[in-house]
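Structural features, examined
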Amino acid sequence: CGVENFSIIAFSFGAAVGKNLASRSERVKKLVMIGHAYGSSTYGRFLEMIPDLRVEWGKVIEGTAAEDKLSDITKFFKKNYDLPAWKAIISAIPNWGSVGVEDIRCPVMILYGEEDEGVHTQLERFERETVYYGVPIYRMEELGHYSQFTDSTRNLPLIREFLS
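Below or above, wherever it landed, is the structure these notes cover. These numbers were taken from a predicted model, which means no experiment stands behind them.

Another aspect to go through is the pairing of strand β2 (residues 28-34). For β2, a buried count of six out of seven residues is recorded, marking the element as mostly surrounded by other parts of the structure. Bridge count between strand β1 (residues 6-11) and β2: six bridges; the pairing is parallel. Counted as the bridge partner of Ile-9 is Val-32 from β2. Of the crossover connections in this fold, the one passing from β1 over helix α1 (residues 13-22) to the parallel β2 is right-handed. Across four bridges, β2 lies against strand β3 (residues 108-113) in parallel orientation. Note that in β3 the partner of Val-32 across the bridge is Met-109.

Printed below as a string of structure tokens:
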């Protein structure tokens, strides 16, 4: 493709993919993870939901699900994403290995909203390593999982500074 080196700016699941790539490739020069942290690629409440989601999404794909009984997350994914592809992804992602601070081969910055509960848990688990490796972490007050990514007035200046 002609691109020798690149930086990754990734949100949520994309950050899970980004950290796995940054742990395996010398070509990644910097990684910005938004709404995601070290460790497993999925964790917390979402990890606990995966078995039920696989069943519900399977029924949607087969056409046997009652539309009025679908969970909010299923309605969201059905409306916005390719459900068969995401069913395959959520089936595989719990089996991806854990990526720790020491595994990533480039500078990393983490941005997260204070209301994104899953990231808090993961950062607490890796706090000592994160401090040791000097990873900049920015907690954005009053932002949840989606708003931490979409509030460019708050996240974009931090990203630009880190990448410059």
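Having seen the structure, we can now continue with the description.
Helical geometry note: an α-helix holds 3.6 residues per turn, so side chains three or four residues apart project in the same direction. With twelve residues, helix α8 (residues 152-163) extends 15 Å from end C-alpha to end C-alpha; this agrees with the ideal 16 Å at 1.5 Å per step. Looking only at α8, the buried set comprises Asn-155, Ile-159 and Phe-162. Looking down the long axis of α8, one finds its buried residues gathered within 65° of arc, a one-sided arrangement. Residues of α8 that are exposed and point over 90 degrees away from its buried face: Thr-153, Arg-160 and Glu-161. Structurally, α8 contributes buried residues whose contacts are with β1, β2, β3, β4 (137-140) and α7 (147-150).

What follows is about the nonpolar core. One finds Leu-31, Met-33, Tyr-38, Ile-104, Val-108 and Ile-110 to be the most contacted residues of the largest nonpolar core, which totals 21 residues. Of all the secondary structure elements, the ones that give two or more residues to this core are β1, α1, β2, β3 and α5 (117-125). Ignoring sequence-local partners within four residues, the contact set of Val-108 consists of Leu-31, Met-33, Tyr-38, Val-135, Pro-136 and Phe-162. Leu-53, Val-60, Phe-77 and Leu-83 belong to the second largest nonpolar core, which has eleven residues in total.

Close contact between helix α2 (residues 44-62) and helix α3 (residues 72-80) brings their axes to 10 Å; oriented N to C, the two are set at 60°. By the criterion of interaxial angle, the relationship of α2 to α3 is oblique. By crossing handedness, the relation of α2 to α3 is classed as right-handed. Across from Phe-46, Met-49, Leu-53, Glu-56, Trp-57 and Val-60 in α2, the residues of α3 making contact are Ile-73, Thr-74, Phe-77 and Lys-78.

Using the criterion set out here, one finds four salt bridges in the structure. Across the pair Lys-78 and Glu-67 runs a salt bridge, and its minimum N-O distance is 2.8 Å. Linking Lys-78 in helix α3 with Glu-67 in the loop between α2 and α3, this pair joins segments that are eleven residues apart in sequence. Accessibility expressed as a relative area gives 45% for Glu-67, which makes it partly exposed.

Cut-off values and rules
Residues numbered from 1 in each chain as written. Predicted model: local features only at pLDDT ≥ 70, side-chain atom pairs only at ≥ 80, totals over all residues. Heavy atoms only, no water. Buried < 20%, exposed > 50% of the residue type's maximum accessible area, 1.4 Å probe, protein only. Helix = DSSP H or I, 4+ residues; strand = E, 2+ residues; numbered from the N terminus. Pairing = 2+ DSSP bridges. Right-handed = clockwise from strand over helix to strand, strands pointing away. Expected span 1.5 Å × (residues − 1). Arc of directions from axis to C-beta. Contact = heavy atoms within 4.5 Å. Core = buried A, V, L, I, M, F, W, Y, C linked by side-chain atoms within 4.5 Å. Axes fitted to C-alpha atoms, helices over the stretch in contact; angles between N-to-C directions. Parallel < 35°, antiparallel > 145°, perpendicular 65-115°, else oblique. Left-handed = near helix turned anticlockwise from the far one by under 90°. Salt bridge = Lys/Arg side-chain N within 4 Å of Asp/Glu carboxyl O.

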